[in-house]
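Understanding the architecture of this molecule
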Amino acid sequence: MKITDVEAIYLKIGDIVEECNGTQDALIVKITTDAGIVGWGEVDSSPPVIKAIFETPMSHTLSYGLRELLIGEDPFEVDRLWEKMYRGTIYYGRRGAALQAISGADIALWDIIGKACNKPIYKMMGGGYRTKIRAYASMLMPNTPAEAAAKAEKWASKGFTGLKLGWGPIGQDAANDVALVAAARKAVGPDVNIMIDAGHVWDAATAIQRARKFEEQNIYWLEEPLPPDDLDGYAQLADAVDVRISAGEEDATVAAFEELLVRGRIDLIQPDVSRAGGLTECKKIADLAHRHNKPCVPHAFSTGILLSSSLHLIASIPNGSWLEYTVESSPLVDDLMVDKIPAVDGWVNVPEGPGLGIEVNEAVLDKYRVG
Ligand code: MG
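What comes next is a walk through the structure. (Residues numbered from 1 in each chain as written. Predicted model: local features only at pLDDT ≥ 70, side-chain atom pairs only at ≥ 80, totals over all residues. Heavy atoms only, no water.)

On to the sheet that holds strand E2 (residues 25–33). The antiparallel open sheet is built from four strands, whose spatial order is E3-E2-E1-E12. Unpaired on one side and paired on the other, strand E3 (38–43) and strand E12 (369–370) mark the two borders of the sheet. In this structure, strand E1 (residues 3–12) lies alongside E12, joined through two bridges in antiparallel fashion. The residue bridging Tyr10 from the neighbouring strand is Val370, located in E12. Set on the sheet, helix H1 (residues 47–55) makes contact with E1, E2 and E3; between it and E1 the angle comes to about 165°. (Pairing = 2+ DSSP bridges. Helix = DSSP H or I, 4+ residues; strand = E, 2+ residues; numbered from the N terminus. Contact = heavy atoms within 4.5 Å. Axes fitted to C-alpha atoms, helices over the stretch in contact; angles between N-to-C directions.)

As structure tokens, this is what we get:
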């Protein structure tokens, strides 16, 4: 089988606004083969930047566009192709946008492999640790304690046993931070797990103070309290408090996660399959965390392509547990798949169809396509 076309498709649902939940645009990767099999992938990043990384022509031997590197190749050689893409972009890549673009291509290659073998990706990756995954409802933190209570109560009443509230007003006012978390806890009672995603707003000393306050509300983890590069701050925080400290959605490659785990001493890693290096690299990242006896809970806040990719990763690693399930609504979250992957009583089944096990609604894709 040979790759005949690689497309980076930019989707946008209207005018982009600053106050948003991150699902108003998307970058979808479509890889076509001479066997008639099409693979889908996604990159959760700046769509025009990623599109350029796919389409840019070769500049020299270490500076290629991904499309040029993949055309004519056999998708089954996914590991070799990952190295070819990494090496072929190293002059401008190694991390960040280039690794994110590689992630989308890698997901699409795995989708092709699964479809060609008529097996779900998690089985092709040696998995089957679990076929049903507990989801936490992932949402933006509203501005007031009363709204936080109402939002938490709404999703707990739908059967979610984990709720994550993130970003929004967190970090603007110490008293409000504490009141927001206390209100959510009071609304859902002691048995629902509450995760707080701070959105890198503090220094280590402030994060330690806030984490101690949040521990009084028995939160399950405190996510990204510090800027991603403050690894010594992460270590200081993780050593000072009992609550689990989590991070990793901004990072790519095993090398970066080794830094987070070893130098940053965090308790739980959150690679995003569409950003950290795709399924190929995320399996290695999860294996590294497993060696440190740490859970891997992939970050996933976009379309059903990323959601299904995350399900296959979690199903294929020993240290998988929770699934991030966005409950913020947008046409790209709700309508891009022919059948939206449902959460039922807070649980999500791993797709059992070939490849990713999802079907892209191409009419919706065309409706929101830019260019
Ligand atoms: Mg986060």
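Attention now moves to the nonpolar core. Membership of the largest hydrophobic core comes to 115 residues, with the highest contact counts inside it found for Leu163 and Ile196. If one sorts the elements of this core by residue count, helix H4 (residues 96–117) sits on top with ten residues. Apart from the residues within four sequence positions on either side, Ile196 is in contact with Met141, Leu165, Ile170, Val181, Phe214, Ile219, Trp221, Leu222 and Glu223. With six residues, the next largest nonpolar core counts Met195, Leu268, Val297 and Trp322 among its residues. (Core = buried A, V, L, I, M, F, W, Y, C linked by side-chain atoms within 4.5 Å. Buried < 20%, exposed > 50% of the residue type's maximum accessible area, 1.4 Å probe, protein only.)

Another aspect to go through is helix H10 (residues 254–262). Of the positions making up H10, those classed as buried are Ala256, Phe257, Leu260 and Leu261. Mapping the buried residues of H10 onto a view down its axis gives an arc of 135°, with all of them on the same face. As for H10, its buried residues are in contact with helix H9 (231–240), strand E8 (244–247), strand E9 (268–269) and helix H11 (278–291). (Arc of directions from axis to C-beta.)

Turning to its location among the elements, Lys51 is positioned in helix H1. Spatially, the C-alpha atom of Lys51 lies 9.3 Å from that of Ile28, the residues being 23 residues apart in sequence. Of note is the side chain of Lys51, whose polar atom sits 3.0 Å from the backbone oxygen of Ala8. (Polar contact = N/O pair within 3.5 Å; in protein donor to acceptor, adjacent residues only side chain to side chain.)

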